[in-house]
Amino acid sequence: MSINWLRVVFPSIIKLPPPLPLRYSSPSSCSCFSSVVVAMSYDKELTAAKKAASLAARLCQKVQKSLLQSDVQSKNDRSPVTVADYGSQALVSFVLQQEFPAEFSLVAEEDSKDLRKDGAQELVDRITKLVNDSLASDESYSVTLSTEDVLKAIDSGKSEGGSQGRHWVLDPIDGTKGFLRGGQYAIALALLDRGKVVLGVLACPNLPLTPINDQHSPNNEVGCLFFAEVGGGSYMQPLDSSSTVKVQVSGVENPEEASFFESYEAAHSMHDLSSLIAQKLGVKAPPVRIDSQVKYGALSRGDGAIYMRLPHKGYREKIWDHAAGCIVVTEAGGVVMDAAGNPLDFSKGKFLDLDTGIIVTNQKLMPILIKAVRESLEEKASPL
């Protein structure tokens, strides 16, 4: 695919990322390095992350096309998990360990406990074949993994993360329910260095290359890869091409002209609260409900101006659900905060300690959005 379509769709923002040995990072709302710190170059890590996420995306695309009922299990929390979740995690883990054998730590969602139970061998064999077929298609690694190799790769994601050292953070399929019904999902991979998000990759196999609100675009191709490195900006490319475009969040300043994203699943976000906030802002457009961190990617290129994730009381956010998306948006000029206006802190382990939820927008709209969120929360909390 040539870069010409990018010049047509995004004429004002086309730019290839410059290779810089050192980067000054800008202030961020997702615990990236502050502006007074000279950040290291993470080019090698970013290249490996893009490769791993792209391979995993191809595996997931293959599974989704021929999804069988036997490919779906139910985890203890009743959320569905497919061979694609396991295969994606094994594949990403293997690639990263090959590239960085001396220093590897992975915080990821899945483990092989259920796969080691009686009766799971057929499923394990299918996962192993998918992983080996994906590796063979890339030709970078002349290796055939055994079922035990695959199970060990899945289990390498048991790190707790934290503020010391480097930790990869992976959601092998963010939005499994969307994946199962043919909707949006993402392979979300990020790197923490001393508790700070320093790079992120979002592979979004079902996201159109053109803006999702552009109903009249003749380009109906899908499959996007978003990536960002601290201090280096955010970029997008087709999953099957290296043609790259720099992306920027919407510059909308009037909330009445803004559109907003929220979770497709009502269990993941209080739609009634989001509606009340939108009403206070004067937002006229209906909400765009999408599964997964695809919302971060779409927002980073200006498809919408606001994203609100306001889960029900007691829900604890995991770092793999936001780390990659957070840096992709912030490097595109956006702001990611909790509902009280605090930056997200990824240094505390697997969970984010948040005030109520997560809100995302551009720098101009954020103060207005925080005010509307605060007023709406107080209104819902006050007795009738």
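Residues numbered from 1 in each chain as written. Predicted model: local features only at pLDDT ≥ 70, side-chain atom pairs only at ≥ 80, totals over all residues. Heavy atoms only, no water.

- As recorded in an unreviewed UniProt entry, the protein goes by the name 3'(2'),5'-bisphosphate nucleotidase, listed as coming from Theobroma cacao.

### Concerning the packing of helix α2 (residues 43-65) against helix α3 (residues 83-99)
Thinking step 1. It is the contact of α2 with α3, at a shortest axis distance of 9 Å, that shows an interaxial angle of 155 degrees. Taken as axis vectors, α2 and α3 run roughly antiparallel relative to one another. As for how α2 packs across α3, the hand of that crossing is right-handed. Counting all contacts with α2, which are made through K44, A48, A49, K51, A52, L55, A56, L59, C60 and V63, the residues of α3 involved are V83, A84, G87, S88, L91, V92, V95, L96 and E99.
Thinking step 2. By residue class, the composition of the contact of α2 with α3 is 14 nonpolar, two polar and three charged. (Axes fitted to C-alpha atoms, helices over the stretch in contact; angles between N-to-C directions. Helix = DSSP H or I, 4+ residues; strand = E, 2+ residues; numbered from the N terminus. Parallel < 35°, antiparallel > 145°, perpendicular 65-115°, else oblique. Left-handed = near helix turned anticlockwise from the far one by under 90°. Contact = heavy atoms within 4.5 Å. Nonpolar A, V, L, I, M, F, W, Y, C, P; charged D, E, K, R; others polar.)

### Some points on unusual backbone geometry
Thinking step 1. Here E139, not a glycine, exhibits a phi torsion of approximately 70 degrees, which is positive.
Thinking step 2. Relative to the helices and strands, E139 is located in the loop between α4 (121-138) and α5 (147-155).
Thinking step 3. By relative accessible area, which is 69% here, E139 ends up exposed.
Thinking step 4. In this structure, S292 takes a positive phi of about 75 degrees despite not being glycine.
Thinking step 5. Structurally, the position occupied by S292 is in the loop between β13 (288-290) and α8 (294-300). (Buried < 20%, exposed > 50% of the residue type's maximum accessible area, 1.4 Å probe, protein only.)

### Quick look at the layout of surface pockets
Thinking step 1. Taken as a whole, the largest pocket encloses approximately 910 Å³ of empty space.
Thinking step 2. Broken down by secondary-structure element, the contributors of at least two residues to the lining of the largest pocket are α3, β6 (166-174), α6 (176-180), α8 and β14 (306-309).
Thinking step 3. The element that contributes the greatest number of residues to the lining of the largest pocket is β6, accounting for three residues.
Thinking step 4. Grouping the amino acids of the lining of the largest pocket by side-chain chemistry returns 11 nonpolar, 10 polar and 20 charged. (1 Å grid on protein atoms, 1.4 Å probe; cavity = no way out; pocket = protein on both sides within 12 Å on 5 of 7 lines; lining within 4 Å. Points joined across faces, edges and corners; volume = space filled by probe spheres on them.)

### Focus on the sheet that holds strand β5 (residues 106-108)
Thinking step 1. Read across the open sheet, the seven strands follow the order β5-β6-β7-β8-β9-β10-β11; overall the sheet is mixed. At either margin of the open sheet sits one strand with a lone partner, and together these are β5 and β11 (245-247). The sheet shows a mean angle of 20 degrees between the axes of neighbouring strands, direction not considered.
Thinking step 2. Each of β6, β7 (186-193), β8 (196-208), β9 (222-229) and β10 (234-238) is contacted by α2, which is oriented at about 30 degrees to β8, the strand it contacts most.
Thinking step 3. Relative to the sheet, helix α9 (residues 323-330) contacts β6, β7, β8, β9 and β10, its axis offset from that of β8 by approximately 95 degrees. (Pairing = 2+ DSSP bridges.)

### Some details on the packing of helix α7 (residues 271-281) against helix α10 (residues 366-381)
Thinking step 1. In the contact formed by α7 and α10, the axes pass within 9 Å of each other and the chain directions differ by 125 degrees. Looking at the two axes, α7 sits oblique to α10. In this structure, α7 meets α10 at a crossing whose hand is right-handed. On α10, the residues touching D272, L273, L276, I277, K280 and L281 of α7 are I368, L369, A372, V373, E375, S376, L377, E379 and K380.
Thinking step 2. Each residue belonging to the contact of α7 with α10 can be placed in one class, and the counts come to nine nonpolar, one polar and five charged.

### Focus on the packing of aromatic side chains
Thinking step 1. Inspection of the entire model under this criterion finds five aromatic pairs.
Thinking step 2. Ring geometry for F94 and Y141: centres 5.5 Å apart, planes at 80 degrees, overall edge-to-face. Of the two residues, F94 sits in helix α3 while Y141 sits in the loop between α4 and α5, which places them 47 residues apart along the sequence. One exposure class covers both F94 and Y141, and it is buried.
Thinking step 3. Relative to W168, the ring of F100 lies with its centre 6.0 Å away and its plane at 35 degrees, an arrangement referred to as tilted. Of the two residues, F100 is situated in the loop between α3 and β5 and W168 in strand β6; the sequence distance between them amounts to 68 residues. Take F100 and W168: they sit in the same class, and that class is buried.
Thinking step 4. Seen from the ring of F227, K50 lies directly overhead, with NZ or CZ sitting 3.9 Å from the centre. (Phe/Tyr/Trp six-rings, centres within 6.5 Å; stacked < 30°, edge-to-face > 60°. Lys NZ or Arg CZ within 6 Å of the ring centre and 35° of its normal.)

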